[in-house]
Amino acid sequence: MKKILIIKHGALGDLIQTTGIFKSIREFHRNDEIALLVDKKFDFFIKNAPYFDNIFFDHRPSFLRLDKWIKIINTLSKEKFDIVYDLQSSDRTSIYHFFISINNNCLWSGNRRGGKFKYHPDNFEKIPVLDRLLHQLDLIGIRVNLNPDLTWMEENIAHFVPTNKFIILIPGSSPHLLHKRWPAQSFGELSVRLEKKGYTLIVVGTDQERKEIEIIKKFSNNILDYSNKSLSFLASLSRKADGAVANDTGPTFILGAVDCPVTWLLSHHTNPDLVKPQCTNLKIIKKHEISDILVDDVENKLALRN
């Protein structure tokens, strides 16, 4: 039995997009022991994933916190991994490679310096992220299925599903990325228009976007507030939704992964050619500033389930 390490720090959307790759590695190493190194803040998502025998959490300390660097390096070095799949390929993982390899001649799959199975063509930065990983793992003989796998994320939501057709609204983003939020006023105006067309509107999020959620709810007494629900709840709800209107944020990739039609609102800060939700029906509306997107633009280009 071999010991395998997968390195993937995040962000949340990246982890969701990579679940198909995790599954492919698991199937390739059916009888081996697989560990994941991931950012501690994504414990809430990844801890229930069925692909790993062990999970190590990395707090990604600053380069000044030598004590924390020593701790994680010692932890990884003691494991004596046979193969490392570096799916992050960052300066940080290059440092991990250097120290892990001092007393352990493991195979390292990654595009950073030192990686034996290294995929890094001249146009690397222009290649979609998932395609980079596909070619990287192909070098070691793993045939990757890039479709996200969230079959393990399921909840009984029967009491929460509207009796008529419904659309999910995701008005949030990371708190430090407020430029990725379409104005709550616009979400509210869109809700009024869609309600007149017979749709129930469901807004999801956390307390980090409570201000936006409350603004949207003022536009109608019929908007359902399902904020602070689990990601498994969102995945289950999205499987039944007629569509969703969403910002560039981690939960949006949950919707795409379960093939909910998504209308994705973007500014110049996001390049959809490199990373985008993987769903059959994805409509992208992008303007230089996200606030420049009109309600008419969204209403007329709405992605809906057939």
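Before reading on, note that the structure itself is shown above.
Everything numeric in this text was worked out from a predicted model, so none of it was measured. Each chain has its residues counted from 1, running along the sequence as written. With the structure being a predicted model, the display of local features is reserved for residues of pLDDT at least 70 and the display and counting of side-chain atom pairs for 80 or more, all residues being used for whole-chain, interface and lining totals. With hydrogens and water excluded, all non-hydrogen atoms of the structure serve as input to the side-chain values.

A. View of the nonpolar core. Buried Ala, Val, Leu, Ile, Met, Phe, Trp, Tyr and Cys residues form a nonpolar core when they are joined through side-chain atoms within 4.5 Å. In this scheme, a residue with accessible area under 20% of its type's maximum is buried, one over 50% is exposed, and one in between is partly exposed, where area comes from a 1.4 Å probe on protein chains only. F45, F52 and Y85 are the most contacted members of the largest nonpolar core, which has 57 residues in total. Each helix is a run of DSSP H or I of at least 4 residues and each strand a run of E of at least 2, with the numbering of both proceeding from the N terminus. A per-element tally of this core places helix 1 (residues 12-28) first, with 6 residues. Contact between two residues is taken to exist if any of their heavy atoms lie within 4.5 Å; hydrogens are not considered. Not counting residues within four places of it along the chain, the set of residues in contact with F45 comprises L12, L15, I16, T19, L150, W152, M153, L231 and I254. In this structure, Y199, I213, L265 and I290 belong to the second largest nonpolar core, which totals 21 residues.

B. Layout of unusual backbone geometry. Cis geometry is found at the peptide bond from G10 to A11, where omega equals 25°. In this structure, S89 takes a positive phi of about 50° despite not being glycine. Structurally, S89 is set in the loop between strand 4 (83-86) and helix 4 (91-100).

C. Main features of the pairing of strand 10 (residues 262-266). The element strand 10 is largely enclosed, with a buried count of 5 among its 5 residues. Whether two strands pair depends on DSSP finding at least two bridges between them. Two elements, strand 9 (residues 243-246) and strand 10, share 3 bridges in a ladder whose sense is parallel. Across the sheet, residue A244 finds its bridge partner in strand 10, namely V262. On the question of chirality, the crossover connecting strand 9 to the parallel strand 10 by way of helix 9 (residues 250-257) is right-handed. Where strand 10 and strand 11 (residues 282-286) come together, 5 bridges link them in parallel fashion. Residue pairing across strands places V262 opposite L282, the latter belonging to strand 11. Seen with its strands pointing away from the viewer, a crossover is right-handed when the path leading from the first strand over the helix to the second is clockwise.

D. The arrangement of helix 8 (residues 231-238) in detail. Within helix 8, 8 of the 8 residues are buried, which leaves the element mostly enclosed by the surrounding structure. Residues of helix 8 that are buried: L231, S232, F233, L234, A235, S236, L237 and S238. Residues of helix 8 that are buried make contact with helix 1, helix 2 (43-46), strand 6 (166-170), strand 7 (200-203) and helix 9.

E. The side chain of E299, seen in detail. Take E299: it is sitting in helix 10 (residues 295-300). The class of E299 is buried, set by a relative accessible area of 18%. Reaching out from E299, the side chain makes a polar contact with the side chain of K197 at a distance of 3.0 Å. Sequence-distant contacts of E299, that is, excluding residues within four places in its chain, are made with L190, R193 and K197. Pairing of N or O atoms within 3.5 Å defines a polar contact, subject to two protein rules: one partner must be a possible hydrogen donor and the other a possible acceptor, and residues neighboring in sequence count only if both atoms are side-chain atoms.

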